[in-house]
Amino acid sequence: MKLKMYLALLAMGMLSLQGCSDDDDDLPNSKVPEAVRNAFDSSFSNTANLSWETKTLSQGQYYKAEFNNKSDNGYKTEAWYTADGSWYMTETEMPYSDIPQAIKTSFESCEYASWKRDNEVERIERAGTEKEIIYIIEVESAQDVDMDLHYSADGILIKAVNDDGDGDNESLLPDRTGVK
């Protein structure tokens, strides 16, 4: 009897935790502000599997489009906008084989080259005075240390960051001041 009660409490606890996700709600296209939809449509005209969600962060609320970008080999892509249609960031998952050769050459000769590398690389494009592009290669050591290696498009290792395991790149969103 105690086992049944324990299992019932455990199941209820797991169900209640499911509602505590840090993801905000999925959003029907009709609830996305027109300025956001127009900005998205002007940047990404050839997409599939489009879905929207809102993300509320310390910098404010964002509308995040998740889709497959047919104009970019069908890669899984996320684009971040504010309610006024200002674009802030695009994150694209791509295979390691498709990143610029300069990054591969730099990675393959760096101190992390012997670590286990993920097959997917994230390309981050950020708004600012000049559009910035960063490639993130995720690696893991034999001692289970996870690192995110941030590279410029020309193969310069910008920084190596301990991977916190959340899988999000929200911290890479540019500051909202001065971005339009």
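What counts, and where the lines are drawn
Residues numbered from 1 in each chain as written. Predicted model: local features only at pLDDT ≥ 70, side-chain atom pairs only at ≥ 80, totals over all residues. Heavy atoms only, no water. Helix = DSSP H or I, 4+ residues; strand = E, 2+ residues; numbered from the N terminus. Buried < 20%, exposed > 50% of the residue type's maximum accessible area, 1.4 Å probe, protein only. Contact = heavy atoms within 4.5 Å. Areas by Shrake-Rupley, 256 points an atom, 1.4 Å probe, with all protein chains shown as cover. Core = buried A, V, L, I, M, F, W, Y, C linked by side-chain atoms within 4.5 Å. Pairing = 2+ DSSP bridges. Axes fitted to C-alpha atoms, helices over the stretch in contact; angles between N-to-C directions. Phe/Tyr/Trp six-rings, centres within 6.5 Å; stacked < 30°, edge-to-face > 60°. Lys NZ or Arg CZ within 6 Å of the ring centre and 35° of its normal.

Enquirer: How would you sum up the overall build of the chain? Please name residues and give values.
Expert: Within the chain one finds three helices and nine strands. Along the chain direction, N to C, the helices and strands of the chain fall in the order α-β-α-β-β-β-β-α-β-β-β-β. Looking at the chain residue by residue over its 180 residues, the buried ones come to 37%. Relative to all contacts within the chain whose residues are 6 or more apart in sequence, the contacts with residues 24 or more apart total 45%. Accessible area of the chain: about 10800 Å², with a carbon and sulfur share of 49%.

Enquirer: Give me the lowdown on the nonpolar core, citing residues and values where you can.
Expert: Counting 15 residues, the largest nonpolar core has Ile99, Phe107, Ile137, Leu149 and Tyr151 as the members making the most contacts within it. For this core, the elements supplying multiple residues, two or more each, are α3 (101-108), β7 (132-140) and β8 (146-152). Grouped together as the second largest cluster of nonpolar side chains are 12 residues, Ala39, Phe40, Phe44 and Tyr81 included.

Enquirer: An account of the sheet that holds strand β9 (residues 157-162) is needed here, citing residue identities and associated values.
Expert: Each strand in a sheet pairs with its neighbour through backbone hydrogen bonds, running either in the same direction (parallel) or in the opposite one (antiparallel). With antiparallel pairing, nine strands are arranged side by side in an open sheet as β1-β2-β3-β4-β5-β6-β7-β8-β9. Every other strand in the sheet has two partners, leaving β1 (26-27) and β9 as the edge strands with one partner each. Summarising the sheet, β8 and β9 pair through five bridges and their orientation is antiparallel. Looking across to β9, one finds that histidine 150 is bridged to lysine 159. Running at roughly 135 degrees to β8, α3 makes contact with β6 (116-126), β7, β8 and β9 of the sheet.

Enquirer: Explain the packing of aromatic side chains to me, using residue names and the numbers behind them.
Expert: Evaluation of the coordinates by the stated rule reveals nine aromatic pairs. Centroid distance phenylalanine 40 to tyrosine 81: 6.5 Å. Interplanar angle 80 degrees. Geometry classified as edge-to-face. Of this pair, phenylalanine 40 sits in helix α2 (residues 34-43) while tyrosine 81 sits in strand β4 (residues 75-81), placing them 41 residues apart in sequence. You can call phenylalanine 40 buried: its relative accessible area is 2%. Its relative accessible area of 0% is what places tyrosine 81 among the buried residues. Here the aromatic residues Phe40, Phe44, Trp52, Phe67 and Tyr81 are joined through ring pairs into a cluster of three or more. In this structure, arginine 117 packs its charged tip against the face of tyrosine 96, placed 3.6 Å from the ring centre.

Enquirer: So what's going on with unusual backbone geometry? Which residues, and what values?
Expert: Within the chain, asparagine 73 stands out as a residue other than glycine whose phi angle is a positive 60 degrees. One can find asparagine 73 in the loop between β3 (60-69) and β4. Classification of asparagine 73 by relative accessible area gives exposed; the value is 63%. Positioned with a positive phi, aspartate 144 is a non-glycine residue whose angle comes to about 65 degrees. Along the chain, aspartate 144 turns up in the loop between β7 and β8.

This is a description of form; function is not addressed.
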